[in-house]
Amino acid sequence: MISAIVFLLVLGILVSFHELGHLIVAKMCGMKIDAYSIGFGPKLLKVKMGETEYSLSLIQLGGYIKPAGPNFKEDVQSEDPDKNRYFVCKPVWKRALVIIAGPAFNFLLGFILLTGMIYSTGTVSETTMVIGEVMKNSPAVKAGIQKGDLIVAIDKEKITDWFTLISLIQEKKDQEIMLTLKRNESVLNISVKPESTKEGLVIGIAPTVQRKKVKGLAILTEGYKKFAIVTRLQIKGMVQIFTGKISSKNIGGPIAIFKITDDATKEGFLTIVGLMVLLNISLGLFNLLPIPLLDGGQLPLLLLEAIRRRPLSKKTQQIIQIVGIVIILLIFLLATSNDISRLIHS
């Protein structure tokens, strides 16, 4: 029960902040917004403030803001007194700002939460390249890798970051990798073949993690460093999925998020906050994908409109929206299928 409540709160915060970005920038640009909703479907709560209705809806799988006026510029009546406040009638650059604001607010919240975690503990973790643990019966044990070994390179490529090591391992399905290790005064080259697990490809090692005290401006700089690392890894992971280097079976949906939230709830508050950092970055990046209906899918259309100096026809836009709905539905079905498959096999 507690996990379900935490799950709904986490999703609600992510979605509400995303839509809040759209809302704030839209109002700053002089647009009239009729509705701001967290969730879809029947409204559980609603309140009218000014010209905007704020509501909490039943289906907590997203949210939206509803700009006033028609969805297509060609449907705007010339005698409409509010036409200059409609989203579709605003300059391209203002509409682009509104669209970008959603993902930007997710990134902002992720950074704030991450920096807050560092501030609350007064320390930041530093992952070293020294192996802190070798799992039993893992490929690493069988290859002769030992606790205390220092990883110098992978496939003769020098490496100084553990997260990069994990990313490179994910590219080596059904392939052996060669780790260059420093053990005492000796340098060893050891070949090991990653094994596939529900977490991805692994060789069965964990790093030595050190804690470093930070204060003042160092909290912001360390927060930025960690934020940049996580964002870079998530971008690389998305690219690898779309290029086939990582199986699409790694895509997760609401069930996977609930499972992760359940695990985080058992670990404690800071783990939940850490999960929210990851989910905010994921949501921001996902919404920037060039898929129609998503924020990232609208930006190329605005660019095309700026070049042509007129929007695409209503019919063309409707076709593009249908394509977007189909793509998003297919991604949702794939994610849900993966979730169910993981539940069955676990």
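The structure we're discussing is the one just above.
How each quantity is defined
Residues numbered from 1 in each chain as written. Predicted model: local features only at pLDDT ≥ 70, side-chain atom pairs only at ≥ 80, totals over all residues. Heavy atoms only, no water. Helix = DSSP H or I, 4+ residues; strand = E, 2+ residues; numbered from the N terminus. Buried < 20%, exposed > 50% of the residue type's maximum accessible area, 1.4 Å probe, protein only. Areas by Shrake-Rupley, 256 points an atom, 1.4 Å probe, with all protein chains shown as cover. Lys, Arg positive; Asp, Glu negative; His and termini not counted. Charge placed at Lys NZ, Arg CZ, Asp CG, Glu CD. Pairing = 2+ DSSP bridges. Phe/Tyr/Trp six-rings, centres within 6.5 Å; stacked < 30°, edge-to-face > 60°. Polar contact = N/O pair within 3.5 Å; in protein donor to acceptor, adjacent residues only side chain to side chain. Contact = heavy atoms within 4.5 Å.

> I'd like to hear about the overall build of the protein chain, residue by residue, with values.
Scanning the protein chain from terminus to terminus reveals nine helices and ten strands. On the principal axes, the C-alpha backbone points of the protein chain span a range of 80 × 40 × 40 Å. The proportion of buried residues among the 346 residues of the protein chain is 40%. As presented, the protein chain carries roughly 19600 Å² of accessible surface, and 64% of it is formed by carbon and sulfur atoms. Of note, the protein chain has its 41 positive side-chain charges centred 3 Å away from the centre of its 28 negative side-chain charges.

> Residue-level account of the pairing of strand E7 (residues 186-192), with values.
Looking at chain direction, strand E6 (residues 177-183) and E7 are connected through seven bridges and run antiparallel. Residue pairing for E7: Arg 183 is matched across the bridge by Ser 186. Taking the residues that link successive antiparallel strands as the turn, the E6-E7 hairpin has two residues, and the phi of Asn 184 there is positive, at about 60°.

> Go over the packing of aromatic side chains with me, naming the residues and quoting the values.
On inspection of all chains with the given rule, the structure shows six aromatic pairs. With a centroid separation of 5.4 Å and 40° between ring planes, the pair formed by Phe 17 and Phe 105 is classed as tilted. Highlighted residues: Phe 17 in helix H1 (residues 2-28) and Phe 105 in helix H2 (residues 92-121), separated in sequence by 88 residues. Where Phe 107 meets Phe 227, the ring centres are 6.5 Å apart and the plane angle is 80°; that geometry is what we call edge-to-face. Of this pair, Phe 107 sits in helix H2 while Phe 227 sits in helix H5 (residues 217-242), and the two are 120 residues apart along the sequence. By relative accessible area, which is 13% here, Phe 227 ends up buried. Members of the aromatic cluster, each reached through a chain of ring pairs, are Phe 107, Phe 111 and Phe 227.

> Before we move on, could you go through the environment of Leu 304 and cite the residues and values that matter?
Within the secondary structure, Leu 304 sits in helix H8 (residues 295-308). Looking at Leu 304, the relative accessible area reads 34%, which means it is partly exposed.

> An account of the side chain of Thr 128 is needed here, citing residue identities and associated values.
On the secondary structure map, Thr 128 appears in strand E3 (residues 123-134). At a separation of 3.3 Å, a polar atom in the side chain of Thr 128 contacts the main-chain amide nitrogen of Val 130. In this structure the side chain of Thr 128 is engaged in a polar contact, spanning 2.9 Å, whose partner is the backbone oxygen of Thr 208. For Thr 128, the residues in contact, after removing those within four places along its chain, are Trp 162, Pro 207, Thr 208 and Gln 210.

> Give a detailed account of unusual backbone geometry, specifying residues and quantitative values.
We note that Leu 293 has phi near 85°; this positive angle belongs to a residue other than glycine. Mapped onto the elements, Leu 293 comes out in the loop between helix H7 (269-287) and H8. Owing to a relative accessible area of 41%, Leu 293 belongs among the partly exposed residues under this scheme. We note that Arg 309 has phi near 65°; this positive angle belongs to a residue other than glycine. Along the chain, Arg 309 falls in the loop between H8 and helix H9 (314-345).

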